[in-house]
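Commentary on secondary and tertiary structure
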Amino acid sequence: MTAARLAPGVVALALLAGCVGSGQDELSQWMSEQRNQIRPRVQPIPEPKRFTPQAYNQAGVFDPFSNQKLTQALRRESTQTTSNAALVAPELNRRKEPLEAYPLDAMTMVGSLNRGGQLVALVKVENLLYQVRPGSYLGQNYGKITRIAETEVLLREIVQDAAGEWIERAAKLQLQERAR
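First things first, this report covers the structure right here in the doc. These figures come from a predicted structure and were not determined experimentally.

1. Describing the side chain of E152
Mapping E152 onto the fold places it in strand 6 (residues 152-160). Excluding residues within four positions of it along the chain, E152 makes contact with M109, R147, K172, L173 and Q174.

2. Some points on the pairing of strand 6
Burial of strand 6 is extensive: eight of the nine residues sit out of reach of the surface. Across four bridges, strand 5 (residues 143-148) lies against strand 6 in antiparallel orientation. The residue bridging K144 from the neighbouring strand is R156, located in strand 6. A loop of three residues connects strand 5 with strand 6, the two strands running antiparallel in sequence. As paired elements, strand 6 and strand 7 (residues 166-174) share nine bridges and run antiparallel to each other.

3. Overview of the pairing of strand 3 (residues 128-132)
In terms of strand pairing, strand 2 (residues 118-125) meets strand 3 through five bridges, oriented antiparallel. Counterpart to A121 in the pairing with strand 3 is V132. In textbook terms, the turn of a hairpin is the stretch between consecutive antiparallel strands, and for strand 2 and strand 3 this stretch comprises two residues, one of which, E126, has a positive phi near 50°.

4. What to know about the side chain of R94
For R94, the location among the structural elements is in the loop between helix 2 (67-93) and strand 1 (108-115). The exposure class assigned to R94 is buried, which follows from its relative accessible area of 19%. Side chain to side chain, R94 and E91 meet in a polar contact 2.9 Å long. In this view, R94 contacts E100, Y137 and Y142; residues no more than four positions away in its chain are not counted.

5. Notes on the nonpolar core
Counting residues in hydrophobic clusters, the biggest one holds 15 residues, and the most contacted among them are M107, V132, L138, I145, V153, L155 and L173. Elements with a minimum of two residues in this core: strand 2, strand 5, strand 6 and strand 7. Sort the elements by how many residues they give to this core and strand 2 lands first, with three residues.

6. What about the environment of L119?
Note on placement: L119 falls in strand 2. The spatial distance from the C-alpha of L119 to the C-alpha of R133 is 7.2 Å, given a sequence separation of 14 residues. In contact with L119, not counting residues within four places along its chain, are S112, L113, N114, P134, I148, A149 and E150.

7. Digging into a nonpolar patch on the surface
A cluster of nonpolar residues, L27, W30 and M31, forms a patch on the protein surface that exposes about 310 Å² of accessible area. Along the chain, W30 falls in helix 1 (residues 2-37).

8. A short note on the sheet that holds strand 7
Strand order in the open sheet formed by four strands is 4-5-6-7, with antiparallel pairing between adjacent strands. Both outer strands of the open sheet, strand 4 (137-138) and strand 7, are each paired with one neighbouring strand and no more.

Rules and cut-offs
Residues numbered from 1 in each chain as written. Predicted model: local features only at pLDDT ≥ 70, side-chain atom pairs only at ≥ 80, totals over all residues. Heavy atoms only, no water. Helix = DSSP H or I, 4+ residues; strand = E, 2+ residues; numbered from the N terminus. Contact = heavy atoms within 4.5 Å. Buried < 20%, exposed > 50% of the residue type's maximum accessible area, 1.4 Å probe, protein only. Pairing = 2+ DSSP bridges. Polar contact = N/O pair within 3.5 Å; in protein donor to acceptor, adjacent residues only side chain to side chain. Core = buried A, V, L, I, M, F, W, Y, C linked by side-chain atoms within 4.5 Å. Patch = residues over 30% accessible without salt bridge, like charges linked within 9 Å, V, L, I, M, F, W, Y side chains within 5 Å. Areas by Shrake-Rupley, 256 points an atom, 1.4 Å probe, with all protein chains shown as cover. Salt bridge = Lys/Arg side-chain N within 4 Å of Asp/Glu carboxyl O.

Next comes the structure, spelled out in structure tokens:
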């Protein structure tokens, strides 16, 4: 019985031994033929450009580190700062109104009234209703009401731009109709 068990194993080994030698030779021969046929194509590197040095002439050129140049730059900057400060200075010296504590996007215009020939806007903030007139202040950017129409409130805001300078910009608060 043990010989019957070993017979399939011996046959499998004999078959494997017959396959080993023939495939390797053909594969090695094909690889050497491919290596001999392929020639790499390398393009030559272009010649570097010739550098021609230039003479440095200091005559007529400003010294970037001179005291005169620094003084001019500081004087220019101080005049810009004072003109920007003049725009926001009156806003800093006045007393703040209650609606300046809220951002403009937290407010909604819900209507307008005509009081004595002058339009008054109704503004809602945190479920409280406020009456505002031209000259009143809204929002956190020193927003002063310039005009009130039936459907919108126009404001002039003073904000800082990316360079840190104070500029004026227009803003509006439009009438928000209630969804039914």
